Amino acid sequence: MSKLAEQVGGLRVRQNPKTTLLLVVSFFITTTFFGIPLLSKHSKLHHRPLHADEILSKCKALHIKPGPPKDFASRTASDRYVPGTNATLIRNATIWIGASEGTYEGGDILLDKGIIVKVGHISKADLPSKYNVINANGGASDGNSLKGTIGPWLRSIDGLNTHDDSFPLSISGGVTTSLILPGSANAIGGQAYAIKLRPTSERSPSSMVLEPPFTLNSSATSPLLPHRWRHMKHGIGENPSRVYGDTRLDTQWAFRQAYNEARKIKIEQDDFCAKVDAGLWGDIPAEFPEDFQWEALVDVLRGRVKVNNHCYEAVDFDQQIRLTNEFKFSITAFHHAHEAYLVPDLLKKMYGKPPAIALFATNGRYKREAYRGSEFAPRILSDAGLKVVMKVTRNIVLRMDN
């Protein structure tokens, strides 16, 4: 009798060739068509669940990096375009190109279907049949939660006051797009959203959001599409100390606790998906490991979130850069950053790549943290190979409801 026949249910049969053949054929049919695997004391049973494809897709989606869709550069209309809206031609504008190019004097800008079609000299041949002409003639405060210093689950969109006079004031100064960052009093103030300042027919904060992340409205048609960038605000220094009574030591410990929680969840997810990829369905828990409260911070560790950090002094830069290397994530920009010019080599030690430095163009020495700011900081930082962004504050900052 064959060894294969002996294994089937522990049966002992006579060594009849016909019986043996019948058992082999029955065993083959059972394992092939009913999905029953060979059993042995050295193998472990792994049933492929009915929702295996869904789990595999979810695990694969964990490694999809954010970015625009493939047709982004070739698109002819924005997904926020309102049908029937005429094109707009801005004449005689002073266009700030940035970087080393400076400004373009007396230039034109053509906008159509929500897209900047052309910048520079625009001829009649470039124009659509219907358009409006604007002659340029040459030319919110942060919201905070007071319930705790750590709040990556909070969202600035939930407190945005769209009726504030700062909106038309900002538009009149040439500002069309803003990143609404919550916090400054918090170590992790919450999730930020980029918005277009122009009024919408819906008059709601959500309708102003530019490329809303899929976590806001579940708009993804497939989990394997490139993710839209998410944004988050960090704050460190005098503000958390003033509001919560925390020292810098307390604030940094709060950061490390939060990121350690996110790291544990990420490790559980990666281990879960590694077993799924290996077909070890019997070794995975019933539910995918995730925590709604910490999911945004897990996405930071997955490189899907651009972190903006309110930070002034050298000691604070050092803390945050050590944090990025401990938990393997990058900070996109340090804001205010009055002492950044003193430590350019330190800034280059950030995990991933150096941050941009967003400096006030006209605001300095307004509190102790800002005493060591310098008018020469932009040049020093730029000469050191760091990206510098000049910004303003006070009366054009958009106010939010607390």
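Keep in mind that this is a model prediction, so the values were computed, not measured.

1. What about the overall build of the protein?
Next up, step 1: If you tally the helices and strands in the protein, you get eleven helices and eleven strands.
Next up, step 2: Going through the 402 residues of the protein one by one, you find that 39% of them count as buried.
Next up, step 3: Total accessible area on the protein is roughly 23400 Å²; 56% of this is exposed by carbon and sulfur atoms.

2. What about the sheet that holds strand E7 (residues 230-235)?
Next up, step 1: If you walk across this open sheet you meet the seven strands as E5-E6-E7-E8-E9-E10-E11, and the pairing is mixed. Both edges of this open sheet fall to strand E5 (177-180) and strand E11 (388-391), since each of them pairs with a single strand only. Going across the sheet, the axis of each strand differs from the next one's by a mean of 25°, ignoring polarity.
Next up, step 2: Note that strand E6 (residues 188-196) and E7 share four bridges and pair antiparallel. Paired with Ile188 across the bridge in E7 is His234.
Next up, step 3: Running at roughly 150° to E7, helix H7 (residues 248-277) makes contact with E6 and E7 of the sheet.

3. Description of the packing of aromatic side chains
Next up, step 1: Under the criterion given, the structure shown has five aromatic pairs.
Next up, step 2: Between Tyr259 and Phe327 the ring centres are 5.8 Å apart and the planes differ by 35°, which places this aromatic pair in the tilted class. Taken as a pair, Tyr259 in helix H7 and Phe327 in helix H9 (residues 314-327) lie far apart in primary sequence, 68 residues in all. A single burial state applies to Tyr259 and to Phe327, both of which are buried.
Next up, step 3: Where Tyr259 meets Phe329, the ring centres are 4.5 Å apart and the plane angle is 10°; that geometry is what we call stacked. Note that Tyr259 is positioned in helix H7 and Phe329 in the loop between H9 and strand E9 (333-336), a separation of 70 residues in sequence.
Next up, step 4: One aromatic cluster is present, formed by Tyr259, Phe327 and Phe329 through successive ring pairs.

4. A short note on the packing of helix H3 (residues 52-61) against H7
Next up, step 1: Where H3 contacts H7, the axes come no closer than 10 Å and their chain directions differ by 130°. When the axes of H3 and H7 are compared, the pair comes out oblique. Note on packing geometry: the crossing formed by H3 with H7 is left-handed. For the pair formed by H3 and H7, the contact residues are Ile55, Leu56 and Cys59 on the first element and Phe272, Cys273, Val276 and Asp277 on the second.
Next up, step 2: Split into classes, the residues belonging to the contact of H3 with H7 amount to six nonpolar, no polar and one charged.

5. A closer look at the state of the cysteines
Next up, step 1: Scanning all chains against the criterion turns up one disulfide.
Next up, step 2: Disulfide pairing places Cys59 opposite Cys273 at an S-S distance of 2.1 Å. Its S-S torsion of approximately -80° makes the covalent link between Cys59 and Cys273 left-handed. Taken as a pair, Cys59 and Cys273 share a single burial class, namely buried.

6. With respect to the confidence of the model for the protein
Next up, step 1: Taken over all residues, the pLDDT of the protein has a mean of 83, while the share at 70 or more is 81%.
Next up, step 2: This stretch, residues 1-13, has a pLDDT under 50; its non-local contacts, to residues over four places away or in other chains, come to 15 contacts.
Next up, step 3: Scored below 50 in pLDDT, residues 395-402 makes 33 contacts in the model with residues more than four places away or belonging to other chains.

7. Considerations on the pattern of salt bridges
Next up, step 1: For the structure shown, the criterion picks out 26 salt bridges.
Next up, step 2: Residue Arg91 pairs with Asp108 through a salt bridge whose shortest N-O separation is 2.7 Å. Of the two residues, Arg91 sits in strand E1 (residues 87-98) while Asp108 sits in strand E2 (residues 102-112), which places them 17 residues apart along the sequence.
Next up, step 3: Measuring nitrogen to oxygen at the nearest pair gives 3.0 Å for the salt bridge that ties Arg256 to Glu326. Of this pair, Arg256 sits in helix H7 while Glu326 sits in helix H9, placing them 70 residues apart in sequence.
Next up, step 4: Overall, Arg256 belongs to the partly exposed group, its relative accessible area being 34%.
Next up, step 5: Given the relative accessible area of 29%, Glu326 is considered partly exposed.

8. Description of the packing of H7 against H9
Next up, step 1: Closest axis-to-axis distance for the H7/H9 pair is 11 Å, and the angle between their directions is 15°. Our classification of the angle between H7 and H9 gives roughly parallel. In this structure, the crossing between H7 and H9 has a hand that is right-handed. Along its contact with H7, which presents Arg248, Gln252, Phe255, Arg256, Tyr259, Asn260 and Arg263, the element H9 presents Val315, Asp316, Gln319, Gln320, Leu323, Glu326 and Phe327.
Next up, step 2: Class assignment of the residues belonging to the contact of H7 with H9 gives a composition of five nonpolar, four polar and five charged.

9. Concerning empty space enclosed by the protein
Next up, step 1: Taken as a whole, the largest cavity encloses approximately 50 Å³ of empty space.
Next up, step 2: If you go around the largest cavity, the residues you meet are Gln191, Ala192, Tyr193, Pro213, Thr215, Arg230, His231, Met232, Ala296 and Val305.
Next up, step 3: When grouped by side-chain class, the residues that make up the lining of the largest cavity number six nonpolar, three polar and one charged.

10. Examining unusual backbone geometry
Next up, step 1: If you check the backbone angles, Lys113 has positive phi at about 55° while not being a glycine.
Next up, step 2: As for its position among the elements, Lys113 is in the loop between E2 and strand E3 (115-120).
Next up, step 3: What makes Lys113 partly exposed here is its relative accessible area of 35%.
Next up, step 4: Unusually for a residue other than glycine, Glu211 sits at a positive phi of about 45°.
Next up, step 5: If you trace the backbone, Glu211 turns up in the loop between E6 and helix H5 (214-217).

Rules of the game
- Residues numbered from 1 in each chain as written.
- Predicted model: local features only at pLDDT ≥ 70, side-chain atom pairs only at ≥ 80, totals over all residues.
- Heavy atoms only, no water.
- Helix = DSSP H or I, 4+ residues; strand = E, 2+ residues; numbered from the N terminus.
- Buried < 20%, exposed > 50% of the residue type's maximum accessible area, 1.4 Å probe, protein only.
- Areas by Shrake-Rupley, 256 points an atom, 1.4 Å probe, with all protein chains shown as cover.
- Pairing = 2+ DSSP bridges.
- Axes fitted to C-alpha atoms, helices over the stretch in contact; angles between N-to-C directions.
- Contact = heavy atoms within 4.5 Å.
- Phe/Tyr/Trp six-rings, centres within 6.5 Å; stacked < 30°, edge-to-face > 60°.
- Parallel < 35°, antiparallel > 145°, perpendicular 65-115°, else oblique.
- Left-handed = near helix turned anticlockwise from the far one by under 90°.
- Nonpolar A, V, L, I, M, F, W, Y, C, P; charged D, E, K, R; others polar.
- Disulfide = S-S within 2.5 Å.
- pLDDT = per-residue confidence, 0-100.
- Salt bridge = Lys/Arg side-chain N within 4 Å of Asp/Glu carboxyl O.
- 1 Å grid on protein atoms, 1.4 Å probe; cavity = no way out; pocket = protein on both sides within 12 Å on 5 of 7 lines; lining within 4 Å.
- Points joined across faces, edges and corners; volume = space filled by probe spheres on them.

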